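Here is what each chain is made of, one letter per residue.
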Amino acid sequence: MFELLKTDFQTKARLGKLTTAHGVVETPVYMPVGTQASVKALDPRELLEMGTQIILGNTYHLNLRPGLDIIRVANGLHKFMNWEKPILTDSGGFQVFSLAKIRKIKPHGVEFRSHLDGSLLFLGPKEAMDIQRVLGSDIAMVFDECPPHDAPAREQRLAVERTIRWARECREQPRADGQKVFGIVQGGSNAALREECAKAIVPMEFDGYAIGGVSVGEPEPEMLKAIEFTVPHLPAHKARYAMGLGTPAQMIELIARGVDMFDCVLPTRVARNGTAFTRRGAFGIKGGAYKADFRPIEDNCDCFACKNFTRAYLRHLLNANEILGLRMVSVHNSHLFLKIMAEVRAAIAAGTFAEFYREFITNYTPSQKILAQRRRETER
Ligand SMILES: [Zn+2]
């Protein structure tokens, strides 16, 4: 399924090709997130125009609403949402542990109450794979337990044990035609647990491997450690996916550490409060400083928003709560994430990724929150 085309000679960056039932995906890849069968504020035509290769769908949310009966009659998620390219579906493990209420963890899954209407439901490895089979995703994820980053050591260990057992159960379930399945490595920022989990999951021979338990509120230095503790235990000939990450600079850092796939809600989520990403960092376009700023969001950006609208106009739309404002910032942000990945692939192919990496990180100013986390780490 995954072909490793090249490994950078100075960093651990990799160039690869994932072949799925709905087409080929070039890696490293950023996957826009369509939690509820829609990448928020963007339509499929826009996604294709900006170079989207694969999107995410979500087992937990789609199972609750519209429900599998509807998806089944629609002939799967691709047809339902009119997206012809590959789809990866999250197993719902993360949402059950973060969104659902009053739950009981049982040997074969989790009993929980829906965050929508409080109805009592059960999701485990068998159910998660059944749902993903009906959704018909190209890549399904195993059902795992994702504890909070500050969970006590005992809880982290139990989560790893369940994740391993559930991965084995997922492995045995029937799949949709051509559907691939990725295993997930948990273990927080504990090196021994990460290694133990990887060593149990990798022999199960999944089609690719994800690093879970990151982007769960941990400071950036801890996230990087979790990735560094896991990657060496993953096989070179399978795709590696860091779940729920990250900012442009974080994706570049992780690519340099050997990660191939990313998904992140940031481009569309922050767009809704008027935050635009650029190659130099993010900024809030609603600020007074942009009132009469007639430049595009980012100079030399060839996205639809930058080619057609000014900061002053977009600021006005956002402050007046006009839908076009948040749509256009979503277009720019998503386009930027995808464009950076295309540049990364070209740089790895040309043997210039190390320079690209250094230059990108030097020019990029992270958020105040991330800078504070880094300061705390160096003070320790
Ligand atoms: Zn733009």
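Participant: How do you make sense of the coordination of the zinc ion when you look at a structure like this?
Facilitator: Six octahedrally arranged donors around a metal ideally form angles of 90 or 180 degrees; four tetrahedrally arranged donors ideally form angles of 109.5 degrees. Bound to the zinc ion on the protein side are Cys301 (SG), Cys303 (SG), Cys306 (SG) and His332 (ND1), at distances that span 2.1 to 2.3 Å. Note that the zinc ion binds four donor atoms; their angles at the metal cover 100 to 119°, and the shape is tetrahedral. The sequence pattern formed by the donor residues of the zinc ion is C-x1-C-x2-C-x25-H. By the burial criterion, Cys301 is buried, and Cys303 matches it.

Participant: What am I meant to see in the pairing of strand S2 (residues 14–20) here?
Facilitator: The two faces of the sheet receive side chains in turn, since in a regular strand these alternate between them. Among the seven residues in S2, five count as buried, and that is most of the element. Summarising the sheet, strand S1 (residues 2–7) and S2 pair through five bridges and their orientation is antiparallel. When the bridges of S2 are listed, Lys6 appears paired with Leu15. Between the antiparallel neighbours S1 and S2 lie six residues. Bridge count between S2 and strand S3 (residues 23–27): five bridges; the pairing is antiparallel. Residue pairing across strands places Thr20 opposite Gly23, the latter belonging to S3. Between the end of S2 and the start of S3, which pair antiparallel, lie two residues.

Participant: Looking at this structure, how should I read the sheet that holds S1?
Facilitator: Sheet strands pair by backbone hydrogen bonding; their relative direction is either parallel or antiparallel. With respect to topology, three strands assemble into an open sheet ordered S1-S2-S3, the strand pairing being antiparallel. Two strands close off the open sheet at either side, each with one partner strand: S1 and S3. Adjacent strand axes in the sheet meet at a mean angle of 15° when their direction is disregarded. Along the sheet, helix H14 (residues 323–350) makes contact with S1, S2 and S3, crossing S2 at roughly 120°.

Participant: Quick question: what am I supposed to make of the side chain of Thr278 here?
Facilitator: Of note, Thr278 is situated in strand S15 (residues 275–278). In terms of polar contacts, Thr278 uses its side chain to reach the backbone amide nitrogen of Arg280, at 2.9 Å. The residues contacting Thr278, other than those within four sequence positions of it, are Phe283, Ile297, Glu298, Leu336 and Tyr364.

Participant: Quick question: what am I supposed to make of the sheet that holds strand S4 (residues 29–31) here?
Facilitator: The sheet built from eight strands is open, its strands ordered S4-S14-S13-S12-S11-S10-S6-S5 with parallel pairing. A single partner strand is all that each edge strand has here, and the edge strands are S4 and strand S5 (55–58). Strand after strand, the sheet turns through a mean of 25° between neighbouring axes, direction not considered. Inspection of the sheet shows strand S10 (residues 139–141) paired to strand S11 (residues 180–185) by three bridges, in the parallel sense. Pairing of Ile139 across the sheet is with Lys180, part of S11. On the sheet, helix H8 (residues 191–201) packs against S11 and strand S12 (208–211) and is oriented at approximately 155° with respect to S11.

Cut-offs applied
- Residues numbered from 1 in each chain as written.
- Predicted model: local features only at pLDDT ≥ 70, side-chain atom pairs only at ≥ 80, totals over all residues.
- Heavy atoms only, no water.
- Donors = N, O, S within 2.8 Å, 3.2 Å for Na, K, Ca; no water.
- Tetrahedral: all angles 85-135°; square planar, octahedral: opposite > 155°, others 65-115°.
- Buried < 20%, exposed > 50% of the residue type's maximum accessible area, 1.4 Å probe, protein only.
- Helix = DSSP H or I, 4+ residues; strand = E, 2+ residues; numbered from the N terminus.
- Pairing = 2+ DSSP bridges.
- Axes fitted to C-alpha atoms, helices over the stretch in contact; angles between N-to-C directions.
- Contact = heavy atoms within 4.5 Å.
- Polar contact = N/O pair within 3.5 Å; in protein donor to acceptor, adjacent residues only side chain to side chain.

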